[in-house]
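# Geometric and topological summary
Take a look at the letters that make up each chain.
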Amino acid sequence: MRDVEMAPADGAVPSPAAPRLTITPRWLHFIDEVGEIGLLTRDTVRSLLRHPPPARLVLEQLEQIGWRSLSIVGLTAVFTGMVLALQLGTYMSRFGAKMFVSRIVGVSLVRELGPVLTALLFGGRVGAGIAAELGTMAVTEQVDAIRALGASPVRNLVVPRVLATLIMLPALSVIGDVLGILGGLFISVTELNVSAAFYVNSLLQILLLQDVLSGLGKTVFFAYFIAIIACHNGLRVSGGADGVGRATTMTVVAASITILVSDFFLTKLFMLL
């Protein structure tokens, strides 16, 4: 016998249809994330101007974010300068131009490699740390407790970290530039037989204030991207320890991509100025 589908009798309520799974397109999700970051930026600026956080909170973050990142930034900068000087010096010696290695090393570090490498390392260490810290506070309901006490999580958690990042990343970038140039100086003297005086004088002849300001200007934007992305991902964590891990990973990936993409547009902008 064949199965016959019976039509519902008059007045009978048909069974509800099965729920349909809706998938949000990636570009809509991206726009939503950008909008939330924009709102967090607005709240951060408003809180900073109307009710600045206590100086104690900012000083704690300066020590946590800046001082503890100095070793990894300095070590990376020194060896980057050494590798650049060794590679370029060896190549340029074929044309008898190894004495000008300081110009390429110095300008490339100050304008490009110094700010970008420092920001990437800073984003990996500090961005992940901020996201994990705020994410842990979110899943343990400490952020809700701050709201229940009538305090603002943005004022007490976000603003100190954004301020500390905006202050320390440019400072670390300057330190990294100096250490990278000194690393190139060491290789130039020991491996390329270039005198220290000629190395320094040759660099000062070609290095302009515009080069230094261009690199420092980039670090301000990089610092904002790192801090605001990390705070945004940390405050919206849910799902326990697994959610904290996902937020930390998303922060490092998003901050790194944002730094590299924005670096191109910032370079074009500063070249036009």
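Look up: the structure comes first, before these words.
Overview of the structure.

Cut-offs used in this document
- Residues numbered from 1 in each chain as written.
- Predicted model: local features only at pLDDT ≥ 70, side-chain atom pairs only at ≥ 80, totals over all residues.
- Heavy atoms only, no water.
- Patch = residues over 30% accessible without salt bridge, like charges linked within 9 Å, V, L, I, M, F, W, Y side chains within 5 Å.
- Areas by Shrake-Rupley, 256 points an atom, 1.4 Å probe, with all protein chains shown as cover.
- Salt bridge = Lys/Arg side-chain N within 4 Å of Asp/Glu carboxyl O.
- Helix = DSSP H or I, 4+ residues; strand = E, 2+ residues; numbered from the N terminus.
- Buried < 20%, exposed > 50% of the residue type's maximum accessible area, 1.4 Å probe, protein only.
- Core = buried A, V, L, I, M, F, W, Y, C linked by side-chain atoms within 4.5 Å.
- Contact = heavy atoms within 4.5 Å.
- Axes fitted to C-alpha atoms, helices over the stretch in contact; angles between N-to-C directions.
- Parallel < 35°, antiparallel > 145°, perpendicular 65-115°, else oblique.
- Left-handed = near helix turned anticlockwise from the far one by under 90°.
- Nonpolar A, V, L, I, M, F, W, Y, C, P; charged D, E, K, R; others polar.
- 1 Å grid on protein atoms, 1.4 Å probe; cavity = no way out; pocket = protein on both sides within 12 Å on 5 of 7 lines; lining within 4 Å.
- Points joined across faces, edges and corners; volume = space filled by probe spheres on them.

## Side note on a nonpolar patch on the surface
The grouping of W27, L28, F30, I31 and V34 at the surface amounts to a nonpolar patch, some 530 Å² of accessible area in total. Along the chain, the position of V34 falls in helix α1 (residues 26-50).

## Quick word on the environment of I175
Among the secondary structure elements, I175 is positioned in helix α6 (residues 153-190). Looking at I175, the relative accessible area reads 35%, which means it is partly exposed. Once the C-alpha coordinates of I175 and F95 are considered, the two residues, 80 residues apart in sequence, prove to be 32 Å apart.

## Here we look at the environment of S188
On the secondary structure map, S188 appears in helix α6. What makes S188 buried here is its relative accessible area of 0%. Along the backbone, S188 and L209 are 21 residues apart, and their C-alpha atoms lie at a distance of 24 Å.

## Thoughts on the nonpolar core
Judged by nonpolar contacts, the single largest core of 37 residues is most densely connected at F122, I130, L169, F222 and I226. Within the residue set of this core, elements represented by two or more residues are α1, α2 (55-66), α4 (101-139), α5 (142-148), α6, α8 (209-235) and α9 (240-272). Looking at this core element by element, the count peaks at nine residues for α6. Other than its neighbours up to four places away in sequence, I130 contacts I65, R161, T165, A230 and C231. Core analysis: the next-biggest nonpolar cluster, separate from the first, contains 14 residues, L84, V101, V105 and L192 among them.

## Re the pattern of salt bridges
Across all of its chains, the model carries eleven salt bridges by this definition. Ionic pairing is found between R236 and E33, a salt bridge with its closest N-O pair at 3.2 Å. Remark: E33 occurs in helix α1 and R236 occurs in the loop between α8 and α9; sequence separation between them is 203 residues. The class for R236 is partly exposed, based on a relative accessible area of 38%. Residue E33 is classed as buried on the basis of its relative accessible area, which comes to 11%. A salt bridge links R42 to D43; the shortest N-O distance between them is 3.0 Å. Overall, D43 belongs to the partly exposed group, its relative accessible area being 26%. The structure contains a network of salt bridges with shared partners spanning E33, E36 and R236.

## Let's talk about the packing of α6 against helix α7 (residues 196-206)
At their nearest, the axes of α6 and α7 sit 9 Å apart, and the two run at 135 degrees to each other. Looking at the two axes, α6 sits oblique to α7. Crossing geometry of α6 relative to α7 is assigned as right-handed. Between α6 and α7, the contacting residues are I181, G184, L185, S188 and V189 on the first element and A196, Y199 and L203 on the second. Taken together, the residues that form the contact of α6 with α7 break down as six nonpolar, two polar and no charged.

## Quick notes on the layout of surface pockets
Considering only enclosed or pocket space, the largest pocket measures out at about 610 Å³ in volume. In terms of lining residues, the largest pocket is bounded by 18 residues, among which F30, I37, I229, A254 and T258 are the most central. Sorting the residues of the lining of the largest pocket by element identifies α1, α8 and α9 as the ones contributing at least two each. Tallied by class, residues from the lining of the largest pocket come to eleven nonpolar, five polar and two charged.

So far we have only geometry, and geometry alone does not tell us how the molecule works.
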